[in-house]
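Listed below are the residues making up each chain.
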Amino acid sequence: MSVHRVFNFSSGPAVLPLPVLEEAQRDLLALPGVGMSAMEVSHRSKAFDEILNGATARMRSIARIPDQYKILFLQGGASLQFSMVPMNLLTPGTTADYIVTGDWGKKALKEARKVGATSVAATTEDGNFTRVPSQSELQLTPGAAYVHMTANNTIHGTEWHQAPDSGNVPLVCDASSNILSGPIDVAKYGVIYAGAQKNLGPSGVTVVIIREDLLARSAETLPAMLNYRVQAEGGSRYNTPPAFGIYVLGLTLKWLEGIGGLAAIDAINARKAATLYAELDRTAFWTAHADVESRSRMNVTFRLPSEEIEKHFVKESTAAGLDGLKGHRSVGGLRASIYNAFPEDGITALVQFMQEFERTYG
Ligand SMILES: *Cc1c(COP(=O)(O)O)cnc(C)c1O
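Not measured: the values here are computed from a predicted model.

(A) How the structure looks around a nonpolar patch on the surface. Residues L28, L29 and M39 make up a contiguous nonpolar surface patch of roughly 340 Å² in combined accessible area. For M39, the position within the fold is in the loop between α1 (18-26) and α2 (46-62).

Next up, the structure:
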């Protein structure tokens with residue numbers, strides 16, 4: 001049976017690799033050697049041990065995560081991390097620095113303010129978040145509890161191409177929309193977290209990579225489910241984990257490893273983004289939202305000469321099998337989310353569509 005799949009430019013949940021969906025489909029009724037679905041298996045069983053340990057080991061090897069970091073699979077999305085980070089790490093008498101580069105960073109800061117003292121180390125909101133700040137713009141608090149940053153700004157389409165230097169202060173990174181999109185030096189960070197539904201798998205799983213020494217900060221009085229130390233000691237199984245999501249995430253990591261890991265996906269992502277930005281830069285009909293040096297490789301945001309023309313673009317591109325190109329309401333315009341699993345064919349199709357569209361409306 002042949003199935004029609006559109007090119008899915010959604011910002012999240014987003015496209016998954018076809019081989020991952022095919023394997024999940026093939027084994028849906030019975031995992032080989034297990035005789036039941038990954039949805040039905042006990043989270044304390046040997047079969048699930050293999051799924052969880054396999055995903056953890058692959059994550060560690062693909063991203064070269066040092067031994068002194070724990071890898072947790074939690075629930076509640078990246079948004080719960082906005083609260084868990086300060087609840088666990090912002091100890092009384094200390095201040096957390098926030099670098100605000102978009103709406104998600106603003107939300108993270110808002111949650112932290114409910115927990116303790118915060119300081120805005122930099123914000124690029126004045127210019128409508130078209131860029132990330134330079135190192136010299138950062139006003140870091142000496143001895144801060146941590147510095148929080150957003151690696152890729154999903155809504156505005158900007159990205160850090162080099163991590164900021166936080167000195168001895170742990171850097172906490174929301175990497176929801178660019179995790180494993182290229183090589184990463186995990187040792188530069190205290191915590192990296194990501195909702196899975198953009199670059200890793202289905203929604204419902206959140207990955208937290210945390211340096212072990214930071215677990216000592218988690219107070220006994222925290223609710224157990226919100227306590228990193230409890231979650232780490234429980235090996236992500238303090239309670240029932242999102243088992244099927246972890247299974248699909250494991251398949252996605254296997255796919256990534258199979259195509260050559262982070263070096264390979266880095267080259268693919270560079271090529272995809274370069275092709276699309278080249279088209280945006282070709283004529284004045286298109287205007288990219290982000291400043292050139294801060295352009296995201298994952299979320300390409302752009303405007304057309306009028307909102308009227310943008311409406312035509314959304315309608316006609318959808319009809320042409322290019323789905324999910326409408327921009328986020330806070331930026332307007334268009335957004336092409338082209339995460340790891342987004343196929344290069346889809347970039348070619350979009351560029352062709354753009355050229356025809358410009359002939360009609362330009
Ligand atoms: C999508 C996204 C979030 C929110 O993720 P949820 O899992 O829905 O809570 C947070 N930060 C960034 C950078 C995102 O792209």
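So much for the structure itself; the text now carries on.
(B) Spatial organisation of the site of the ligand. Around the ligand there are 13 residues in total, and S79, T154, D174, Q197 and K198 lie nearest to it. At 2.6 Å from an oxygen atom of the ligand is found a side-chain nitrogen or oxygen belonging to S79. Contact distances for the ligand include 2.9 Å between an oxygen atom and a side-chain N or O atom of Q197. When the free accessible area of the ligand is taken as 390 Å², the share hidden by the protein chains comes to 87%. At four residues, helix α3 (residues 77-89) tops the list of elements feeding residues into the shell around the ligand. Its residues assigned to classes, the shell around the ligand shows three nonpolar, eight polar and two charged.

(C) Focus on the packing of helix α7 (residues 261-282) against helix α9 (residues 344-361). Where α7 meets α9, the closest approach of the two axes is 10 Å, and the angle between their N-to-C directions is 5°. It follows that α7 is roughly parallel to α9 by the angle criterion. Residues I268, R271, K272, T275, L276, E279, L280 and R282 of α7 lie in contact with α9, whose contacting residues are E344, I347, L350, V351, M354, Q355 and E358. Split into classes, the residues belonging to the contact of α7 with α9 amount to seven nonpolar, two polar and six charged.

(D) Quick peek at the sheet that holds strand β14 (residues 334-337). Strand order across the open sheet formed by three strands is β11-β12-β14, with antiparallel pairing between neighbours. Where the open sheet ends on each side, the last strands, each with one partner, are β11 (287-288) and β14. In terms of strand pairing, strand β12 (residues 299-303) meets β14 through four bridges, oriented antiparallel. Along β14, the bridge assignment pairs F302 with L334.

Calculation notes
Residues numbered from 1 in each chain as written. Predicted model: local features only at pLDDT ≥ 70, side-chain atom pairs only at ≥ 80, totals over all residues. Heavy atoms only, no water. Patch = residues over 30% accessible without salt bridge, like charges linked within 9 Å, V, L, I, M, F, W, Y side chains within 5 Å. Areas by Shrake-Rupley, 256 points an atom, 1.4 Å probe, with all protein chains shown as cover. Salt bridge = Lys/Arg side-chain N within 4 Å of Asp/Glu carboxyl O. Helix = DSSP H or I, 4+ residues; strand = E, 2+ residues; numbered from the N terminus. Near = heavy atom within 4 Å. Polar contact = N/O pair within 3.5 Å; in protein donor to acceptor, adjacent residues only side chain to side chain. Nonpolar A, V, L, I, M, F, W, Y, C, P; charged D, E, K, R; others polar. Axes fitted to C-alpha atoms, helices over the stretch in contact; angles between N-to-C directions. Parallel < 35°, antiparallel > 145°, perpendicular 65-115°, else oblique. Contact = heavy atoms within 4.5 Å. Pairing = 2+ DSSP bridges.

The values reported here are purely geometric and, on their own, carry no functional implication.
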